[in-house]
Amino acid sequence: MAEPIDLGAVRQKLASKRGPEYWRSLEELAETDGFMDMLHREFPRGASVLATAVERRSFLKCMGASLALAGVTAACSRQPDEHIVPYVKPPAELTPGNALMFATAMPLSGYAMGLLAENHMGRPTKVEGNPHHPASLGSTDIFAQASILSLYDPDRSTVALRRGTITTWETFVAALDVQINGEKDPTSGAKLSQGLRDKPDSGIRLLTGTVTSPTLTAQLNEFLTTVPGARWHQYEPVNRDNAKAGARIAFDDAVNTVHQFDVADVVLSLDSNFLSDGPTRVRYSRDFTSRRSAEDGAVMNRLYVIESSPTLTGATADNHLHARPSQIETFARAIARKLGLEAPGAEPDAAHAKFVDAVAGDLQAHAGKSIIIAGDNQPPIVHAIVHAMNDALGNAGTTVLYTDSIEAEPVDQTESLRTLARDMEAGNVDTLFMIGVNPVYESPADLNFAAALQKVNHRIHMGVYQDETSDLCHWHIPEAHYLESWSDCRAYDGTVTFIQPMIAPLYSGKTAHELLAALFGKGGTSYDIVRQYWQTQRPESFEIFWRESLAKGIVDGTGSPVKSVRVRAGVTARAQEPVQQSALEVSFQADPTIGDGRWANSGWLQELPKPLTRITWDNAVLVSFHTAEEHGISNFDYVDVTVGERTVRGQAWIQPGHPDHVVTLHLGYGRTRAGHVGNNTGYNAYTVRTSAAPWFAPGAVLKRIEGGPQFARTELHQTLTEEHRPLARTGTLAEYHEHPDFAKHVHPGHEPSNAESLYPPSTYEGYAWGMTIDLSKCTGCGVCIIACQAENNIPVVGKEQVIASREMHWIRVDRYYKGDPAGEVEVVHQPVPCMQCENAPCEVVCPVAATVHSKEGLNDMVYNRCVGTRYCSNNCPYKVRRFNFFHYSDQTSPSLQMMYNPDVTVRTRGVMEKCTYCVQRINLARIDAKKEGRSVRDGEITTACQQACPGGAIVFGNQGDPESSVAKLKAG
């Protein structure tokens, strides 16, 4: 149960400056008895013993079932069975021990992210960003990094099913041919019965997610033109309908908007989480943070954010304002008027008028060098107003570019799904193919999709999992993972990337291309289908084009050209629609770590702390301090949220910096057929989300029910004290230029001691490895955590173990707040790996020399020496060491054995582990350099966290080389 927190006492401490300047939790700010007790313990209560609050029987049950994928098993510590089958004649390009890198792309919500997949002896183990690809530029996000785990997920769909009975793809194709083309005499070929193709209205419907694949688009269009009455519908639960509709209002065309953040001096975000959401998130993060440098002569950009729910973009802002979702249009119109546009509407209250004046003035002062961007959750008119403001400022054509739509069919997807549901309900749909979607779970509640679906005579589902939709279908076909598939896909700017498989399908999965070919009665593999399409597009020198495009990862010349557009007259002159006044509004958001729910069965993403709440394995009902006070709510309380006639129950979380009179519900949880890891976690926000109000809804009712158990949160883990120095330090650009060493300030009375060490100082004649992290570029996205996990075979521990203050991540991202938790708060993110201390306090206390200092400046761990005393963890000032209390690593599931990086040990129970600066990558680079008779070049080694970071915040290298990037950054 939650400790009661006295908000009045908290504010009094802040006013008298007796509270900590930066704080991580409300318990810390209030200095509750429980927090103070935990702070001064050697280990968190329960973390230093094997006993937990979970009964032994329950824990063993979890180990053998629901957390099998999460890496907790009841097996003894033993080497897994190995069957060695040597090559009779090894391939010429294969060198055992050396990984090969192949270019491919991950499609997510239809858009491509260019990747390089690391392949060990025929099995992919890691993905990195493709530096040639416009959407990644060599970086990735949490979903790309976690896609390796989804490939080897034991819960994936493994067999074709017909009414729940195992069948085969061949049986399905034969039945499909009869249904669509009619039955034929096997001897004469004469038609014995009519198929759906022979009817004036076949009643065939296809439902997909967003499609940008040129090959799949061609297949779909061919099918629609040859089969009478067939129709194609698209639906993504987190879609861009509002952005497309706003473009139609502004330009009379659904154009695609591309923002150039690397050349913008001032940015205004109107409820847009552009650093974390959408197909541009990695590229926009890199472009935006490229302007956050404090180097001499650099012009640092400024970010203003007005948002209706706390996001990482808001946390990064220089100036931030929270508001109700329905108020964003009012602010947009007010700023438009300040820019000279006719935009009738209400004026912001006096408290916010100063903010509007400042934003408008800064935008005008940087006309042509600024960006205004609206979030996909805002209505179309807000997007249209934003287009008009960018046009008025001269941003169009400089910082804001327009191209033709990237989507194959830029339809209103919510209306498309509504039309499909209406046709099913009316009995107009005979056969429905659902490809890679889960509408029974994620469709708006008012469409009653599950009930309408059962009125369809023939229901076929293709998916990576047997999910909520497949349960109601006659046929289920396992879908191939993107790392098992041949296909193509477009990036946000139109650039085409070929998707090539890194491994043969583990479970005989099929692709959408093969399913469409089966609809035509044709055969052929995805490889043949994609090649044949591109042979028609590039007939000259096709083989050269094909090989070069596969090797580079992009098809040159396929990016959409920039087009000139003009904003229609009178766009902003439309009167503002009356806003329905209500005591409470609901804001729907995609979950920060599992998205719209498709990643619910990923143990890596479930255990990744949410960037702001630091909650794992759950979603919470987010409210502000004032809203919680008004409704008598404390953290962890069960609450009912009612929207119209629908109610969902979840646990509350008081979020600092959250707007008052708003309830944030995160999508993606409450799954019932996600898999052993994702089932029955959190609440299902889709049950109260309607097609009329998919992003925010007025008139919500919030009611406290009763107290509940605590969340599995990491907010209080590895808590440090401010006894000797502030935990986080910030300053303005002017303050930095005046005092570049402000971060080295020491509190009076805590100056470093002049006492000599008993140990000689470390000296390095060769390499001296070091790392710098630019906190002004860190957005707190957490991709460094997942990249480290994938690279270093780090297990997850499960919800109960996180509650017991046990986790295994080698790098964490601490989140600190500054200010009044009931008002606007400043947020600081601080990544914390092992510091590889020069005089490491962990080394001197280890009785078996399991942790030692290397000749290259690394604090090494010798796993087979460790006996589990945990003295090193107790002596670590940064609390970055992790201990295997149980057999967290799964060493028995066959598919998961294929996922592990062979260059890194898989640890077992009783072993301490921590960040190694990816020593396996250091050793590989050293070996290659030695073979060539040279030193390791600067930039030749990139750690997993550095390579994945979209902000470019992490730099690694040799401090002993004064010309290296890390040495220059360290010198300051």
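Model, not experiment: these values are computed from the prediction. (Residues numbered from 1 in each chain as written. Predicted model: local features only at pLDDT ≥ 70, side-chain atom pairs only at ≥ 80, totals over all residues. Heavy atoms only, no water.)

Description of the overall build of the chain
Here's step 1: A tally of regular secondary structure across the chain gives 29 helices and 35 strands.
Here's step 2: Here the chain holds 972 residues, and 57% of them are scored as buried.
Here's step 3: Of the contacts formed within the chain by residues at least 6 apart in sequence, a portion of 73% connects residues at least 24 apart.
Here's step 4: For the chain, the accessible surface area stands at approximately 39,600 Å², while carbon and sulfur atoms represent 51% of it. (Helix = DSSP H or I, 4+ residues; strand = E, 2+ residues; numbered from the N terminus. Buried < 20%, exposed > 50% of the residue type's maximum accessible area, 1.4 Å probe, protein only. Contact = heavy atoms within 4.5 Å. Areas by Shrake-Rupley, 256 points an atom, 1.4 Å probe, with all protein chains shown as cover.)

Considering the pairing of strand β7 (residues 231-234)
Taken residue by residue, a regular strand's side chains alternate between the two faces of the sheet.
Here's step 1: Taken together, the four bridges between strand β6 (residues 204-208) and β7 define a ladder with parallel strand orientation. Directly across from L207, in β7, lies its bridge partner H233.
Here's step 2: Tracing the backbone out of β6, into helix α7 (residues 214-226) and back to the parallel element β7 gives a crossover that is right-handed. (Pairing = 2+ DSSP bridges. Right-handed = clockwise from strand over helix to strand, strands pointing away.)

What about helix α18 (residues 526-537)?
Here's step 1: Counted at 1.5 Å a residue, the expected span for α18 with its twelve residues is 16 Å, and the 17 Å between its end C-alpha atoms agrees.
Here's step 2: Listed as buried for α18 are S526, I529, V530, R531, Y533 and W534.
Here's step 3: Next to the buried residues of α18 lie α7, β17 (487-490), β18 (496-499), α17 (512-519) and α19 (542-552). (Expected span 1.5 Å × (residues − 1).)

A look at unusual backbone geometry
Here's step 1: Notably, S109 is not glycine yet its phi reads approximately 55 degrees, a positive angle.
Here's step 2: Along the chain, S109 turns up in the loop between β1 (100-108) and β2 (111-120).
Here's step 3: The backbone of K879 sits at a positive phi, close to 55 degrees, despite the residue not being glycine.
Here's step 4: Mapped onto the elements, K879 comes out in the loop between α25 (871-875) and β33 (882-883).
Here's step 5: Taking the relative accessible area as the measure of exposure, K879 reaches 26% and is therefore partly exposed.

Details of the packing of α17 against α18
Here's step 1: Viewed as axis vectors pointing N to C, α17 and α18 meet at an angle of 85 degrees, and their least axial separation amounts to 8 Å. One element, α17, and the other, α18, form an angle in the roughly perpendicular class. Here H513, E514 and A517 of α17 come into contact with α18, specifically with S526, I529 and V530.
Here's step 2: Split into classes, the residues belonging to the contact of α17 with α18 amount to three nonpolar, two polar and one charged. (Axes fitted to C-alpha atoms, helices over the stretch in contact; angles between N-to-C directions. Parallel < 35°, antiparallel > 145°, perpendicular 65-115°, else oblique. Nonpolar A, V, L, I, M, F, W, Y, C, P; charged D, E, K, R; others polar.)

What about the environment of Y878?
Here's step 1: When you line up the elements, Y878 lands in the loop between α25 and β33.
Here's step 2: Residue classification places Y878 among the partly exposed residues on the basis of a relative accessible area of 33%.
Here's step 3: As a C-alpha pair, Y878 and V832 span 46 residues in sequence and 7.8 Å in three-dimensional space.

Looking at the nonpolar core
Here's step 1: Ranked by internal contacts, the top residues of the largest apolar core, which has 83 residues, are M106, W604, L605, W769 and M899.
Here's step 2: When residues no more than four places from it in sequence are discounted, the contact partners of M899 are R123, T125, I148, L149, Y152 and W604.
Here's step 3: The next biggest cluster of nonpolar side chains, apart from the first, holds 55 residues, and it includes L321, V356, A360 and A384. (Core = buried A, V, L, I, M, F, W, Y, C linked by side-chain atoms within 4.5 Å.)

Points about the pattern of salt bridges
Here's step 1: Counting across every chain of the model gives 38 salt bridges.
Here's step 2: A salt bridge links R921 to E128; its shortest N-O distance comes to 2.9 Å. One end of the pair, R921, is in helix α27 (residues 919-931); the other, E128, is in strand β3 (residues 123-129), with 793 residues separating them in the sequence.
Here's step 3: For E128, a relative accessible area of 2% puts it in the buried group.
Here's step 4: Each of the salt bridges in this network shares a partner with another, and the network as a whole consists of K126, E128, E791 and R921. (Salt bridge = Lys/Arg side-chain N within 4 Å of Asp/Glu carboxyl O.)

Focus on the packing of aromatic side chains
Here's step 1: Per the stated rule, a full pass over the model turns up 29 aromatic pairs.
Here's step 2: Three or more aromatic residues link up through ring pairs in this structure, and these residues are W486, F498, Y527, Y533, W534, F542, F545 and W546.
Here's step 3: The ring centre of Y441 lies 4.9 Å from the NZ or CZ of R671, which sits over that ring.
Here's step 4: Over the face of the ring belonging to F883 we find R870, whose NZ or CZ atom lies 5.3 Å from the ring centre. (Phe/Tyr/Trp six-rings, centres within 6.5 Å; stacked < 30°, edge-to-face > 60°. Lys NZ or Arg CZ within 6 Å of the ring centre and 35° of its normal.)

Some points on the sheet that holds strand β10 (residues 302-307)
Here's step 1: If you trace the four strands from one edge of the open sheet to the other, you get β11-β10-β9-β12, paired in parallel fashion. Taken across any chain shown, the strands that pair with only one partner, and hence form the sheet edges, are β11 (319-322) and β12 (370-374). This sheet shows a mean twist of 10 degrees between the axes of neighbouring strands, independent of strand direction.
Here's step 2: As paired elements, β10 and β11 share four bridges and run parallel to each other.

Examining the sheet that holds β7
Here's step 1: With respect to topology, seven strands assemble into an open sheet ordered β5-β4-β16-β15-β14-β6-β7, the strand pairing being mixed. On the outer flanks of this sheet lie β5 (165-167) and β7, each paired with one strand and no other. Neighbour to neighbour, the strand axes of the sheet diverge by 20 degrees on average, direction disregarded.
Here's step 2: Of the pairings in the sheet, the one linking strand β4 (residues 160-162) to strand β16 (residues 475-478) comprises two bridges and is antiparallel in character. Its bridge partner being in β16, R162 is matched across the sheet by W475.
Here's step 3: Helix-sheet contacts for α7 involve β6 and β7, and the interaxial angle to β7 is about 140 degrees.
Here's step 4: Against the sheet, α17 contacts β6, β14 (431-435) and β15 (458-463), and its axis sits at roughly 160 degrees relative to β14.

Focus on the environment of D153
Here's step 1: As for its position among the elements, D153 is in the loop between α5 (142-151) and β4.
Here's step 2: Measuring from C-alpha to C-alpha, the distance between D153 and L896 comes to 7.1 Å, with 743 residues separating the pair along the chain.
Here's step 3: From its side chain, D153 meets the backbone nitrogen of D155 in a polar contact 2.8 Å long. (Polar contact = N/O pair within 3.5 Å; in protein donor to acceptor, adjacent residues only side chain to side chain.)

Some points on the confidence of the model for the chain
Here's step 1: Averaged over every residue, the pLDDT of the chain is 86; the share at 70 or more is 86%.
Here's step 2: Throughout residues 51-80 the model reports pLDDT below 50, and contacts reaching past four residues in sequence, or to other chains, amount to 60 contacts.
Here's step 3: Low pLDDT, under 50, characterises residues 747-751; the predicted model gives this stretch seven contacts beyond four residues in sequence or across chains. (pLDDT = per-residue confidence, 0-100.)

Overview of the side chain of D141
Here's step 1: Among the structural elements, D141 can be located in the loop between β3 and α5.
Here's step 2: Those residues in contact with D141, other than ones at most four positions away along the chain, are M113, R281, V282 and V783.

Remarks on the packing of helix α11 (residues 328-338) against helix α12 (residues 350-365)
Here's step 1: Direction vectors running N to C along α11 and α12 enclose 50 degrees, while the axes themselves pass 9 Å from each other. Considered as vectors, α11 and α12 are oriented oblique to each other. For the pair α11 and α12, the sense of crossing is right-handed. Two secondary-structure elements touch here, α11 through F331, A334, I335 and K338 and α12 through H352, V356, D357, V359, A360, L363 and Q364.
Here's step 2: Of the residues belonging to the contact of α11 with α12, the class tally is seven nonpolar, two polar and two charged. (Left-handed = near helix turned anticlockwise from the far one by under 90°.)

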